[in-house]
Amino acid sequence: MKEIDLENNILIPDGNPANANAQEISEEERIRRKEDYVLEYRSEANAESFVNNEAREHNNIQKSTRQAIKEVMGEEVYDDVDEMFSGDRKDRKVKIHHSTGNKWLRSGADVIQLDFAGSGYETNWKEHKEHYGEIDRDELSPKEIQKEYGTKVKKEDGTSLGNIYLRRREYTDSQRNTFEKKRYDIGGACPSTRGAINLGKNSIESLKSTTRDLTADFLKTHLDRWLAGTETPHDIHISLTGWSRGAVAAGQAAKKINAWLEAYKQKNQDIEKYLKHIKLDMVLRDPVPGFITNWHLSSCNLRNIPNLNTTVICTMAQEHFDMFFPLQQVKGAKKLILSVGEHKLDLEDVDKSQEEEAADGKQHQAGYFDAETGEVFRGSGLSELPDGVYISDDKRNLIRITSYSQIGKLMSSVYGKTSPQSSRATNIHKMVRDWFVENSLETGFADEKTRIAETANNTTTQERILFSPNKRLEPVKRVIRELRELMRTNPSKEDIVKKNEAVIKACRAYMKKTRIPAAGDSAYRVNLVSDMLSFTMRENNHLKKELNKERGIDVPHPLEDQMRAFREKLENREGYLQRKLDKEKSRLEKETEIRNYINQTASICRNHLAALDRTTGIIMNSEEYDDYHKILTYGSRLGDHTSIDQFSYLLKKMTKVASEYVQEHKGIVGPLTSDGKTRFRSAKLILNYAKSMGMEVEKKSMYLGEKERPIGNQVARRKAIVKELKAKVPAPGPNRQAKEATKAMGL
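With that out of the way, let us pick up the packing of helix α11 (residues 405-415) against helix α12 (residues 422-438). The interhelical angle for the contact between α11 and α12, taken along N-to-C directions, is 155°, at an axis separation of 9 Å. Put simply, α11 runs roughly antiparallel to α12. α11 and α12 meet at a crossing whose hand is right-handed. The residues of α12 that touch α11, namely those facing Ile407, Gly408 and Met411, are Ala425, Ile428, His429 and Val432.

Here it is in structure tokens:
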């Protein structure tokens, strides 16, 4: 078998090279084919460090993305991430996904890659290879330019096709079948005006047609042979990547390519059975049409393109004014990665951690670490990331978003008191909402204890939906009632799955019709519905898996298998279970304290109400007193059903109402009657109590997740986790006991 770099006429051997030059090329190829990666050691201080950038400064964002994620999802989402970036080198070795074009080529596929630069750049951004977008013709010789960028593409008449460069490779397998890979680096739209004017041969309209023609020529050669029977049908991968305005051009090119395939199929009906071999992968980085072009390219609908696997990476806050850099709404993406990086995102990030690795020794473009699977995805390898919505922190750790409700909380936590960039935030909301409306979560529950806890939370969610007087919720309420009625009849799993599908359909219909991003009560309702949707999808996955097991049907669950293998890998680490147990005990302690605060507050409110009710009533009640009495009544009803968010809100409201009563009635000498003094004293005590308790709860709950869930459910869930971990932690042997005794004595 052999692989040939056609641009440089170099044989790339699989075995031992024959000369020094081939040795060097073979080493490059070996690194390209690597499937493992050693995570860089990261201390706790480094993991928590704040990475400032122009996007944060432009939007006055004062916190790291990691902090924002922990505030919304809980600090436990980082337990496994931090564990993986610590320990010995062997513990930090993980699988990496990268160089998919070459991998497809070696697997027996033809490949065409189209890489669209951002506006103003002659070629694509290559920061990780120390190239900065434009070719330095003073430093690089024509031969070096050809090796790095390829050959400039020309028309049949010899004239230039624009800033498009081509690099080619061929691969011959053991059966002497030859496969080709073409990679086109496409200059950014309108480099002379930095993309300000979308006109000319480098406009989006021109580039999408030009790249359609290049792809069509590549495809037609093979499709014609397949129809003629002179070539065995095989996979053809079309890979499109783009940044900024180049990402917009890539999306339009994909639509043009699909239109060409449809036209070819209309003329050649027999090709239909072979089209499953045509696979499109697309990675779009922060697609921005530009202020004027946004009028007709504000969105890009890719939903109806067969075999299209689209990944969109975008930032929730960028350093340019929102009006001039509006984010395009991409419809139909399989993967959505959100960050708080600058507009360049990961294109400028260099990973130098592998330079010290004997098996690598190179610097690369920075990759992303998936917190659920424990794998790294870099460059074109992002197309192999499991489908879903993710938020990337400043260290490019990917945390999966499991419900639409989380995006508003994350956006709010990221920006703090600053208003988000409106059109960008709106399109992100729409893309996240659409993903959950159009796609299904691939996982069930990690274990039965998690399922029990989530079922309890979902029951509370259903009750809150049923309690709402909003008429638009009636279709959702109806399926909830039907499901509850069904559950009273000891139904089969098949019946539950069927009714759950009706719940999923109703939730999606409600979310699809809701104006996004919602605000106030509307946001509260759509978040409830989205949480129920996510739970029901996972519950159905769990039930279907149980049904298949009962029927003796072995259905693969690749993502769940990856996640389970990752958890088992961590549990086998020395000391991991004990470290995890210690962290969960600390969280249980905080949640238990907050539950005690809630019950204590309810008791205090009841005592104050009793004292107020003993007043004679001779004093005419005021509006401030009525509000004060009402807030105490609400407080008296707190209990295990109360969430941390509800408790925090009540304490703020209590502080405000008590303060208003005190300010209204303190006067020069204050109340004169004993009843008035009783009420005044009560309000002052509650004011001080609510204010100090509010600060205490905020401090203790800052990094606790699921703050909108009933505190009783959260404590029960955490107790179950602690109990399970205790059962797994091995009993200390003599060596461990000796070590702990030595540590306790400070030796």
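Resuming the write-up.
Here strand β19 (residues 388-392) lies mainly inside the structure; five of its five residues are buried. Taking every second residue as pointing to the same face, both faces of β19 are buried, with Gly388, Tyr390 and Ser392 on one and Val389 and Ile391 on the other. Strand direction decides the pairing type here: strand β14 (residues 335-339) and β19, joined by four bridges, are parallel. Residue pairing across strands places Ile337 opposite Tyr390, the latter belonging to β19. Across four bridges, β19 lies against strand β20 (residues 397-401) in antiparallel orientation. Residue pairing in the sheet places Ile391 in a bridge with Ile399 of β20. Where β19 folds back onto β20 in an antiparallel hairpin, the turn is made up of four residues, including Arg396, whose phi is positive at roughly 65°.

Our next topic: the packing of helix α13 (residues 448-467) against helix α22 (residues 711-728). Where α13 contacts α22, the two axes come as close as 10 Å, and the packing angle between them is 180°. Taken together, the axis directions place α13 and α22 in an arrangement best described as roughly antiparallel. The segment α13 lies against α22, with Lys449, Ala453, Ala456, Asn457 and Thr460 engaging Asn713, Gln714, Arg717, Ala720, Ile721 and Glu724. Per-class residue counts for the contact of α13 with α22 are four nonpolar, four polar and three charged.

Here we come to the packing of aromatic side chains. What characterises a pair of aromatic rings is the spacing of the ring centres plus the angle enclosed by the ring planes. Scanning the entire structure with this criterion turns up eight aromatic pairs. Ring plane angle 75° and centroid distance 5.3 Å describe the contact between Phe85 and Phe369, whose orientation is recorded as edge-to-face. Taken together, the residues span a long stretch of sequence, with Phe85 in the loop between α5 (79-84) and β4 (93-97) and Phe369 in strand β17 (residues 368-370) at a distance of 284 residues. For the residue pair Phe85 and Phe369, the accessibility class agrees, reading buried in each case. Judged by centre distance (5.1 Å) and plane angle (75°), the rings of Trp435 and Phe436 are edge-to-face. In this structure an aromatic cluster arises from ring pairing among Tyr625, Tyr628 and Tyr661. Taking NZ or CZ as reference, Arg66 lies 4.1 Å from the ring centre of Tyr78, over its face. The ring of Tyr703 has Lys70 sitting right over it, with the charged end atom 4.3 Å from the ring centre.

The next point concerns unusual backbone geometry. A cis amide bond links Ile516 to the next residue, Pro517, at an omega of -5°. As for its position among the elements, Pro517 is in the loop between α15 (493-513) and α16 (520-550). Non-glycine residue Arg176 carries a positive phi angle of around 65°. By the element assignment, Arg176 lies in the loop between β7 (160-172) and β8 (178-186).

Here the focus is empty space enclosed by the protein. This structure, assessed with the given rule, holds three cavities of 30 Å³ or more. What the largest cavity holds in volume is close to 70 Å³. In terms of lining, the largest cavity is formed by Val330, Lys331, Gly332, Ala333, Leu336, Met431, Asp434, Trp435, Glu438 and Asn439. If you list the elements that add at least two residues to the lining of the largest cavity, you get β13 (329-331) and α12. Here the lining of the largest cavity takes four residues from α12, the largest share from any one element. Considering only residue class, the lining of the largest cavity consists of five nonpolar, two polar and three charged.

Quick look at the pattern of salt bridges now. What the rule picks out here adds up to 68 salt bridges. Note that Arg718 is salt-bridged to Glu591, the shortest N-O span being 2.9 Å. On the criterion of sequence distance, the pair formed by Arg718 in helix α22 and Glu591 in helix α18 (residues 576-613) is long-range, its members being 127 residues apart. A single burial state applies to Arg718 and to Glu591, both of which are buried. Within the structure, one salt-bridge network assembled from shared partners comprises Glu75, Glu76, Asp79, Lys580, Lys583, Glu584, Arg587, Glu591 and Arg718.

What follows is about the pairing of strand β6 (residues 151-154). In this sheet, β7 lies alongside β6 in antiparallel orientation, the contact comprising three bridges. Residue pairing in the sheet places Lys154 in a bridge with Ser160 of β7. Connecting β6 to the next strand, β7, in antiparallel fashion are five residues, including Gly158 with a positive phi near 95°.

Here we take up the nonpolar core. Residues Leu240, Ile278 and Phe436 are the most contacted members of the largest nonpolar core, which totals 148 residues. The element contributing the most residues to this core is α18, with eleven residues. Counting ten residues, the second-largest nonpolar core is a separate cluster that includes Ile313, Tyr368, Leu382 and Leu385.

Per-chain confidence: the chain averages 89 in pLDDT, with 91% of residues scoring 70 or above. Low pLDDT, under 50, characterises residues 14-24; the stretch is placed with six contacts to residues that sit more than four places away or in other chains. The low-confidence segment residues 740-747 (pLDDT under 50) makes one contact with residues lying over four places distant or belonging to another chain.

Inspection of the secondary structure puts Gln113 in strand β5 (residues 110-116). Look at Gln113 and you get buried, because its relative accessible area is 6%. Discounting residues that sit within four places of it in the chain, Gln113 has contacts with Gly101, Lys181, Lys182, Arg183, Tyr184 and Ser239.

Working definition of a disulfide: a covalent bond connecting the sulfur atoms of two cysteines. Under the criterion given, the structure shown has zero disulfides. With no disulfide partner, Cys300 has as its closest neighbouring cysteine sulfur the one in Cys314, 14 Å distant.

The topology assignment puts Thr241 in strand β9 (residues 236-243). Distance in space between the C-alpha atoms of Thr241 and Leu39 is 26 Å, their sequence separation being 202 residues. Excluding anything up to four places from it in sequence, Thr241 contacts Leu114, Asp115, Phe116, Ala250 and Val283. There is a polar contact of 2.5 Å between the side chain of Thr241 and the side chain of Asp115.

Conventions we followed
- Residues numbered from 1 in each chain as written.
- Predicted model: local features only at pLDDT ≥ 70, side-chain atom pairs only at ≥ 80, totals over all residues.
- Heavy atoms only, no water.
- Axes fitted to C-alpha atoms, helices over the stretch in contact; angles between N-to-C directions.
- Helix = DSSP H or I, 4+ residues; strand = E, 2+ residues; numbered from the N terminus.
- Parallel < 35°, antiparallel > 145°, perpendicular 65-115°, else oblique.
- Left-handed = near helix turned anticlockwise from the far one by under 90°.
- Contact = heavy atoms within 4.5 Å.
- Buried < 20%, exposed > 50% of the residue type's maximum accessible area, 1.4 Å probe, protein only.
- Pairing = 2+ DSSP bridges.
- Nonpolar A, V, L, I, M, F, W, Y, C, P; charged D, E, K, R; others polar.
- Phe/Tyr/Trp six-rings, centres within 6.5 Å; stacked < 30°, edge-to-face > 60°.
- Lys NZ or Arg CZ within 6 Å of the ring centre and 35° of its normal.
- 1 Å grid on protein atoms, 1.4 Å probe; cavity = no way out; pocket = protein on both sides within 12 Å on 5 of 7 lines; lining within 4 Å.
- Points joined across faces, edges and corners; volume = space filled by probe spheres on them.
- Salt bridge = Lys/Arg side-chain N within 4 Å of Asp/Glu carboxyl O.
- Core = buried A, V, L, I, M, F, W, Y, C linked by side-chain atoms within 4.5 Å.
- pLDDT = per-residue confidence, 0-100.
- Disulfide = S-S within 2.5 Å.
- Polar contact = N/O pair within 3.5 Å; in protein donor to acceptor, adjacent residues only side chain to side chain.

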